[in-house]
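The residues making up each chain are set out below.
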Amino acid sequence: YQWWQATDSGLSSKLFYGLHKIASSGLVIPADPNIVNESFFVGPFWRTKELALSTDYRNELSATLSLTSGFELKKVEQIQAGIFTSHFDFDRNVSIVDDDYWLGNLTKVNENPAFSGLKKALEQYSVYGQLKWHYNQDLTMFIGGRFDDVVNIERKISPRLAAVYSGISAHTLKFQYGESFRTPVTNELYSNDEVTSGNANLTYEFVKTTELVWQYHNEQFNSEFVFFRNDLNDFINKVVTPNGPAEFTFANVIDKRIEGLESSLNWHFSSGIELGVNSTHLFDKPANASFKRFASAFINYRLDTVLFSLNANWRDSVKTTLDSGTDFAQSAYVLFGG
């Protein structure tokens, strides 16, 4: 709802409602005559609702200075904690790995007592603001921040700084620094099943991001090169619990710096042909085993209302040791599409 809109100010509010549903099942025990004749699958059948109210205010304080600010109220609640499984005893409301309790196929069970701890609500209150300063025709600077209070979990201030310089013809230089965080979700805090066990002592994970950006633009060619540095702090990951009731739990175990380069090149021709290349090169290993280098390329041709496209995605090789101690290796590959 737009409360008012003027040339130098404005005030608006937004009310958001969301309903999220997941029904997913994974193989836990394959069919084995010594255990079960039918493979045992289990997974979540959950629903979560979200309600959020936000209000944004904009004001041109002067010819060179403008302010944007606002607040947000949010509540997220898990309203269903069921199970999607192949074996279940409806009399005792428990999943049992036994052929006597095979359901014939994967079945959605609305409520599962083992998941009852997941039916929690999280409330969050946030305020934010940013000043934009046109220092001169070529230089614009930003300074801002956000305060979040996730009730009974964490409070966090997240600053943001940026500067944009466009004093060189067709070129733009940018510097950006920001911080952001994520609070643990109910599954990470309270899950209790055959696969994962929650950890109610988790804290938020946050990242500090610095970027240096160079952009070039003309009628036929665009390019962008980005150097980035991400400092990951207290990131949550699954960890093995060999002596626990479940195979995995969650912990704040990742503190890591990841630096790299990203580039994007695009050519536009009057004939209707467009070429593009994008690539990423990480200087550091990813937080979880994955590619350090990857790239994509495409060629598009537009003929009236029809677009023809060919593309290729390249991924570097991966070599790592899994949590189980097993060595994993995958060669580099290219995937073509059209």
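In what follows, the structure referred to is the one given above.
Structural notes, computed from the coordinates. It should be emphasised that the depicted structure is a prediction, and the values quoted were computed from it without experimental measurement.

It is worth spelling out the packing of aromatic side chains at this point. Counted by the stated rule, this structure contains 11 aromatic pairs. Taken together, the ring pairs connect Phe181, Tyr204 and Phe206 into an aromatic cluster. Stacked on the ring of Phe84, the Lys or Arg Lys108 has its end atom at 6.0 Å from the ring centre.

It is worth spelling out the environment of Ser69 at this point. Counting through the fold element by element, Ser69 comes out in strand β6 (residues 65-87). Between the C-alpha atoms of Ser69 and His134, which are 65 residues apart in sequence, the distance is 18 Å. If near-sequence neighbours (up to four positions away) are discounted, Ser69 is found in contact with Thr55, Asp56, Tyr57, Tyr128 and Gly129.

For the rest of this paragraph, the subject is unusual backbone geometry. The bulk of non-glycine residues show a negative phi, and the bulk of peptide bonds are trans. Positive phi, close to 70°, is recorded for Asn152, a residue that is not glycine. Within the element layout of this structure, Asn152 appears in the loop between β9 (139-150) and β10 (154-165). A positive phi angle is found at Asp234, which is not glycine, with a value near 55°. Take Asp234: it is sitting in strand β14 (residues 221-240).

Attention now goes to the pattern of salt bridges. Enumeration according to the criterion identifies 14 salt bridges in this entry. Among the ionic pairs, Glu179 bridges to Lys156, the shortest N-O distance being 3.5 Å. Of the two residues, Glu179 is situated in strand β11 (residues 171-182) and Lys156 in strand β10; the sequence distance between them amounts to 23 residues. Take Lys156: its relative accessible area is 9%, and that puts it in the buried class. A salt bridge links Arg182 to Glu205; the nearest nitrogen and oxygen atoms lie 2.8 Å apart. With Arg182 in strand β11 and Glu205 in strand β13 (residues 205-217), the pair connects residues that are 23 residues apart, well separated along the chain. Residue Glu205 is classed as buried on the basis of its relative accessible area of 8%. Residues joined by salt bridges that share partners form a network here, namely Arg229, Asp231, Arg257 and Glu259.

Definitions and cut-offs
Residues numbered from 1 in each chain as written. Predicted model: local features only at pLDDT ≥ 70, side-chain atom pairs only at ≥ 80, totals over all residues. Heavy atoms only, no water. Phe/Tyr/Trp six-rings, centres within 6.5 Å; stacked < 30°, edge-to-face > 60°. Lys NZ or Arg CZ within 6 Å of the ring centre and 35° of its normal. Helix = DSSP H or I, 4+ residues; strand = E, 2+ residues; numbered from the N terminus. Contact = heavy atoms within 4.5 Å. Salt bridge = Lys/Arg side-chain N within 4 Å of Asp/Glu carboxyl O. Buried < 20%, exposed > 50% of the residue type's maximum accessible area, 1.4 Å probe, protein only.

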